[in-house]
Amino acid sequence: MHEIATVAELRERVEAWLEAGDSIALVPTMGNLHKGHMSLVELAAQHAEHVIVSIFVNPTQFGPTEDFAEYPRTPVMDSRRLARAKVDVLFAPTVDDMYPGGTEFACKVIVPGLSDDLCGARRQGHFAGVTSVVARLFNICAPTVAVFGQKDYQQLVLLRRMVRDLHMPVQILAGATQRADSGLALSSRNSRLDDAEVARAAAIYAALDRTRTALEEGAEDLDGLEQQAAAALEAAGLDTDYVAIRRAGDLGPAQSDTPRLVVLAAAWCAGVRLIDNVLVER
Ligand code: PAF
């Protein structure tokens, strides 16, 4: 595995691959890699000749009061893990290299509407930061395939819209959410919880799973189900940000007879914001 820290060096390698007619898969990450990321790497390796994993804690997707400084950074462990997987390049650029003119007036890619809904309503500017950095990574790495986790469901839907609207020649693949035995979705932010908090956080998946079962069994009162799930999170000692039942395809409003749904939740546990979701087919 090659570790590359500059856009210029990465471009040289990518251009050599493209000249040879080889395909490239990209797995964008912010590091602190866990089993969930490694499953995305495996999926990427099945779809292209070369795999690039990027590690970049992107400052433009963190709000001024958010956890950019505390976001877990484990470069040595990450590099060891990736070297053992089928990864050709670990791309870990600096902020200056990614944003050569600085971040304040950097060009943005914004997906209107949905970027301000759900997590975007609570995290102003977050998704503009995500789409803006992923567009840069696509330009730099020229992937034919890019893999993202289903755990960040709204991010996935937004990135698919970006690719569709801007005619970007890249296919977006979703990797299934990896879970602990308790059901808790694996996330880099879990490392900031102690054992008791991790146990409490399992209430998120439990509430989503109960809601999914109720929907599969024909429940129609979507507002009531959202309220019940939110109450279950509160009862477990979490601070609910939202629970929402939406259309799975585009996150638009769901009706009682919508066939493909997604149930999404965001909740705070001991100062850490956790998200999760489950798909429902009816
Ligand atoms: O999901 C993430 O880790 C980040 O939002 C991403 C896609 C790597 C962009 O910084």
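So, how was this worked out
- Residues numbered from 1 in each chain as written.
- Predicted model: local features only at pLDDT ≥ 70, side-chain atom pairs only at ≥ 80, totals over all residues.
- Heavy atoms only, no water.
- 1 Å grid on protein atoms, 1.4 Å probe; cavity = no way out; pocket = protein on both sides within 12 Å on 5 of 7 lines; lining within 4 Å.
- Points joined across faces, edges and corners; volume = space filled by probe spheres on them.
- Helix = DSSP H or I, 4+ residues; strand = E, 2+ residues; numbered from the N terminus.
- Nonpolar A, V, L, I, M, F, W, Y, C, P; charged D, E, K, R; others polar.
- Near = heavy atom within 4 Å.
- Polar contact = N/O pair within 3.5 Å; in protein donor to acceptor, adjacent residues only side chain to side chain.
- Areas by Shrake-Rupley, 256 points an atom, 1.4 Å probe, with all protein chains shown as cover.
- Axes fitted to C-alpha atoms, helices over the stretch in contact; angles between N-to-C directions.
- Parallel < 35°, antiparallel > 145°, perpendicular 65-115°, else oblique.
- Left-handed = near helix turned anticlockwise from the far one by under 90°.
- Contact = heavy atoms within 4.5 Å.
- Pairing = 2+ DSSP bridges.
- Buried < 20%, exposed > 50% of the residue type's maximum accessible area, 1.4 Å probe, protein only.
- Right-handed = clockwise from strand over helix to strand, strands pointing away.

Enquirer: Explain empty space enclosed by the protein to me, please; I cannot follow it from the model alone.
Expert: To find the voids left in a structure, one rolls a probe of water-molecule size over its atoms. Scanning the model with the defined rule gives one cavity of 30 Å³ or more in all. Taken as a whole, the largest cavity spans an internal volume of roughly 60 Å³. Taken together, Lys151, Leu184, Ala185, Ser187, Asn190, Ala201, Ile204, Tyr205, Leu274, Ile275 and Asp276 make up the full set of residues lining the largest cavity. Of all the secondary-structure elements, those providing two or more residues to the lining of the largest cavity are α9 (203–216) and β9 (272–281). Per element, the largest residue contribution to the lining of the largest cavity is three residues, and it comes from β9. For the lining of the largest cavity, the per-class residue count stands at seven nonpolar, two polar and two charged.

Enquirer: Quick question: what am I supposed to make of the layout of surface pockets here?
Expert: Reported here for the second largest pocket is a volume of approximately 290 Å³. Looking at the second largest pocket, it is lined by 21 residues, and the ones nearest its centre are Ile55, Phe56, Pro75, Ala92 and Pro93. Looking at the lining of the second largest pocket, the elements that each hand over two or more residues are β1 (2–4) and α3 (75–84). Grouping the constituent residues of the lining of the second largest pocket by class yields 13 nonpolar, five polar and three charged.

Enquirer: Mind showing me how you'd approach the site of the ligand here?
Expert: As a structural note, the neighbourhood of the ligand is formed by Pro28, Thr29, Met30, Asn58, Gln61, Val130, Val133, Phe148, Asp152 and Gln155. At 2.6 Å from an oxygen atom of the ligand is found a side-chain nitrogen or oxygen belonging to Gln61. A distance of 2.8 Å is found between an oxygen atom of the ligand and a side-chain nitrogen or oxygen belonging to Gln155. Its free accessible area being 290 Å², the ligand has 88% of it covered by the protein chains.

Enquirer: I keep staring at the packing of α9 against helix α10 (residues 222–235) and nothing clicks. Help me out?
Expert: Packed helix pairs are specified by the crossing angle of their axes together with the interaxial distance, meaning the distance between the axes. Direction vectors running N to C along α9 and α10 enclose 155°, while the axes themselves pass 9 Å from each other. Comparing their axes, α10 and α9 come out roughly antiparallel. Here the hand of the crossing between α9 and α10 comes out right-handed. Contacts from Ala203, Ile204, Ala207, Arg210, Thr211, Ala214 and Leu215 in α9 reach Leu222, Leu225, Ala229, Ala232 and Leu233 in α10. For the contact of α9 with α10, a count of residues per class yields 10 nonpolar, one polar and one charged.

Enquirer: Help me understand the sheet that holds β9, please; the structure alone is not making it clear to me.
Expert: One key point about sheets: their strands pair by backbone hydrogen bonds, in either a parallel or an antiparallel sense. The antiparallel open sheet is built from three strands, whose spatial order is β7-β8-β9. Looking along the sheet, the strands with just one partner apiece sit at the ends: β7 (239–247) and β9. Each neighbouring strand pair of the sheet contributes to a mean axis angle of 10°, computed without reference to strand direction. Pairing of strand β8 (residues 260–269) with β9, which is carried by 10 bridges, proceeds in the antiparallel orientation. When the sheet's bridge partners are listed, Ala265 is paired in β9 with Asp276. Along the sheet, α9 makes contact with β7, β8 and β9, crossing β9 at roughly 20°.

Enquirer: Please explain the sheet that holds strand β5 (residues 145–149) as it appears in this structure.
Expert: On the basis of which strands lie adjacent, the open sheet formed by six strands has the order β1-β4-β3-β2-β5-β6 and parallel pairing. Only two strands of the sheet have a single neighbouring strand rather than two, namely β1 and β6 (171–175). Across the sheet, the mean angle from the axis of one strand to that of its neighbour is 25°, orientation sign disregarded. Note: strand β2 (residues 24–29) against strand β3 (residues 50–55), six bridges, orientation parallel. Looking at the pairing, Val27 lines up with Val53 of β3. Relative to β3, α3 is tilted by about 170°, and along the sheet it contacts β1, β3 and β4 (89–91). Its contacts with the sheet place helix α6 (residues 126–141) against β2, β3, β4, β5 and β6, and it is angled at close to 150° to β2.

Enquirer: In this structure, what is going on with the environment of Ala5? I would like to understand it.
Expert: Structurally, Ala5 is set in the loop between β1 and α1 (7–19). For the pair Ala5 and Pro93, spaced 88 residues apart in sequence, the C-alpha to C-alpha distance is 4.5 Å. Among residues more than four places away in sequence, those in contact with Ala5 are Phe91, Ala92, Pro93, Thr94 and Asp97.

Enquirer: Would you mind showing me how to read the side chain of Thr29 here?
Expert: Counting through the fold element by element, Thr29 comes out in strand β2. At a separation of 2.8 Å, a polar atom in the side chain of Thr29 contacts the main-chain carbonyl oxygen of Ser54. Each residue touching Thr29, except ones within four places of it in the same chain, is listed here: His37, Val53, Ser54, Ile55 and Phe56.

Enquirer: Looking at this structure, I do not really get the pairing of β2. What am I missing?
Expert: One face of the sheet, then the other: side chains in a regular strand alternate in exactly this way. Of all six residues making up β2, six are buried, and the element is well covered by its neighbours. On β2, burial covers both faces: Ile24, Leu26 and Pro28 on one face and Ala25, Val27 and Thr29 on the other are all buried. Crossover handedness for the path β2 to helix α2 (residues 35–45) to β3: right-handed. Bridge analysis of β2 against β5 gives two bridges, and the strand direction is parallel. Counted as the bridge partner of Leu26 is Ala146 from β5.

Read these as geometric descriptors, not functional statements.
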